[in-house]
Amino acid sequence: MVDVAYYVALSAILFTIGALGVLIRRNPLIIFMSVELMLNAANLAMVAFTRVYTVLEGQIFVFFIMTVAAAEVAVGLALIVAIFRTKHSINIDEMNNLKG
Amino acid sequence: MTIDFILFLILALVAIAAALGMLLSRNAVYSALFLVLNFGTVAVFYILLNAPFIAMAQVSVYAGAIMVLFLFVIMLLGTETLPPSKSLPWQRPLAFILALILAGEATYLLLVRKAASGPIPQPVDTFGSPQAVGQALFNSYLLPFEITSVLLLVAMVGAIVLTQKDKGK
């Protein structure tokens, strides 16, 4: 197996790209995808460490993270649809009031 | 340079290229498809790391369910490309600086902790198999597993309530 440091490095690179996506993109859907990419990078590091220490708990935890991510996406996309209905635009720059 | 390392290198390049493609595409549909490619390569990494169950869950939950939901919403709203808007001029440079700081921090930590890595023990054959994961899930982690189902139910109800049209008005 490849040394775990390479997996952690790859995970760090993917996480950085995800963070950059959250900061520079204007489309909330792509920001959302970047958040998923960051979650995925964290999962990759976790599975790599699970393999190194040969404990199964890491994989169980990754499974729960995936479930929570699925729930998060369902609610988040519903929120984006609801915002689109009220404002007829999903540009992140225009979401600057809490009046609804 | 073992075969393992070459395989890892190719897959890592594909994963990073797909992530950058997601970041830089103008069209949100292309971004979503690049992200599917990224999730696919990460699933292959999971198989290399003795986690076949997680790999299958990754393909079916992430690449399957979540990305289909994304594509559906992108096409429903018709927001493949957004019109350019006046954004804050200092935001992009600041974002790159912050990302560089994050990357530098990660590199520093990796180089400092290098000494911790050593020979990796070979796990037993059944490590990470669906059987082993299922045993752990339904014996030691039964309560979290059941709570997960409640969480999914709440998310489903929440999504339906949020997207419902107001009947009172």
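Keep in mind it's a predicted model, so treat the numbers as computed, not measured. (Residues numbered from 1 in each chain as written. Chains lettered and ligands numbered in written order. Predicted model: local features only at pLDDT ≥ 70, side-chain atom pairs only at ≥ 80, totals over all residues. Heavy atoms only, no water.)

**Notes on the overall build of chain A**
Logical step 1: A tally of helices and strands in chain A yields 3 helices and 0 strands.
Logical step 2: Compactness check: chain A gives a C-alpha radius of gyration of 17 Å against a globular reference of 13 Å for 100 residues, more than 25% above the reference.
Logical step 3: Taken along its principal axes, the extent of the C-alpha atoms in chain A is 50 × 25 × 15 Å.
Logical step 4: Per-residue burial over chain A gives 61% buried out of 100 residues.
Logical step 5: Counted over contacts in chain A with a minimum sequence separation of 6, partners at least 24 positions apart contribute 55%. (Helix = DSSP H or I, 4+ residues; strand = E, 2+ residues; numbered from the N terminus. Rg over C-alpha atoms; globule rule 2.2 N^0.38 Å. Buried < 20%, exposed > 50% of the residue type's maximum accessible area, 1.4 Å probe, protein only. Contact = heavy atoms within 4.5 Å.)

**A few points about the overall build of chain B**
Logical step 1: From N to C terminus, chain B includes 6 helices and 0 strands.
Logical step 2: Reading the secondary structure of chain B in the N-to-C direction produces α-α-α-α-α-α.
Logical step 3: Burial status across chain B gives 31% buried among its 169 residues.
Logical step 4: Contacts spanning at least 24 positions in sequence make up 61% of the contacts within chain B whose residues lie at least 6 apart.
Logical step 5: Split by element, the accessible area of chain B, about 10700 Å² in all, is 73% carbon and sulfur. (Areas by Shrake-Rupley, 256 points an atom, 1.4 Å probe, with all protein chains shown as cover.)

**As for the interface of chain B and chain A**
Quoted interface sizes are often the accessible area lost when the parts come together.
Logical step 1: At the junction of the two partners, chain B supplies 80 residues and chain A supplies 69 residues.
Logical step 2: Where chain B touches chain A, the interface holds 9 residue pairs in polar contact (both at pLDDT 80 or more).
Logical step 3: Counting residues per element, the ones that place at least two in the side of chain B that touches chain A are helix H1 (3-24), helix H2 (28-48), helix H3 (52-77), helix H4 (91-112), helix H5 (130-139) and helix H6 (142-163) of chain B.
Logical step 4: Here the element with the most residues in the side of chain B that touches chain A is H3 of chain B; it accounts for 14 residues.
Logical step 5: Across the side of chain B that touches chain A, the residue classes tally to 59 nonpolar, 15 polar and 6 charged. (Polar contact = N/O pair within 3.5 Å; in protein donor to acceptor, adjacent residues only side chain to side chain. Nonpolar A, V, L, I, M, F, W, Y, C, P; charged D, E, K, R; others polar.)

**A look at the packing of aromatic side chains**
Ring pairs (aromatic) are described by centroid distance and by the angle formed between their planes.
Logical step 1: Inspection of the entire model under this criterion finds 11 aromatic pairs over all chains.
Logical step 2: Within the aromatic cluster, the residues linked to one another by ring pairs are Tyr6 and Tyr7 of chain A together with Phe5, Phe8 and Phe45 of chain B. (Phe/Tyr/Trp six-rings, centres within 6.5 Å; stacked < 30°, edge-to-face > 60°.)

**Describing a nonpolar patch on the surface**
Logical step 1: On the surface, a nonpolar cluster with roughly 660 Å² of combined accessible area is contributed by Leu23 of chain A together with Leu88, Trp90, Leu94, Ile97, Leu98 and Ile101 of chain B.
Logical step 2: By residue number, the principal contributor to the nonpolar patch is H4 of chain B, which donates 4 residues.
Logical step 3: Mapped onto the fold, Ile101 of chain B is located in helix H4.
Logical step 4: A relative accessible area of 49% places Ile101 of chain B in the partly exposed class. (Patch = residues over 30% accessible without salt bridge, like charges linked within 9 Å, V, L, I, M, F, W, Y side chains within 5 Å. Salt bridge = Lys/Arg side-chain N within 4 Å of Asp/Glu carboxyl O.)

**A word on the confidence of the model for chain B**
All names here are of chain B.
Logical step 1: Of the residues in chain B, 90% reach a pLDDT of 70 or more, and the chain-wide mean stands at 86.
Logical step 2: Per-element averaging of pLDDT across chain B places H4 at the bottom with 87 and H2 at the top with 93.
Logical step 3: What the predictor reports for the complex is a pTM of 0.89 with an ipTM of 0.89. (pLDDT = per-residue confidence, 0-100.)

**Some details on the packing of helix H1 (residues 4-24) of chain A against helix H2 (residues 28-53) of chain A**
Residue and element names in this part refer to chain A.
Logical step 1: Interhelical geometry of H1 versus H2 gives an angle of 165° and a closest axis separation of 8 Å. As the angle between them shows, H1 and H2 are arranged roughly antiparallel. Crossing of H1 over H2 shows left-handed handedness. In this structure, H1 uses Val4, Tyr7, Val8, Leu10, Ser11, Leu14, Phe15, Ile17, Gly18, Ala19, Gly21 and Val22 to contact H2, whose residues at the interface are Ile31, Ser34, Val35, Leu37, Met38, Ala41, Ala42, Leu44, Ala45, Ala48, Phe49 and Val52. (Axes fitted to C-alpha atoms, helices over the stretch in contact; angles between N-to-C directions. Parallel < 35°, antiparallel > 145°, perpendicular 65-115°, else oblique. Left-handed = near helix turned anticlockwise from the far one by under 90°.)

**Observations concerning H3 of chain B**
Along an α-helix, residues three or four positions apart point the same way, because every turn accommodates 3.6 residues.
Logical step 1: End to end, H3 of chain B covers 36 Å across 26 residues, agreeing with the expected 38 Å (1.5 Å per residue, within 8%).
Logical step 2: Along H3 of chain B, the sharpest change in direction is near 30° and occurs at Met67 of chain B. (Expected span 1.5 Å × (residues − 1). Bend = angle between axes of the 7 residues up to and from the residue.)

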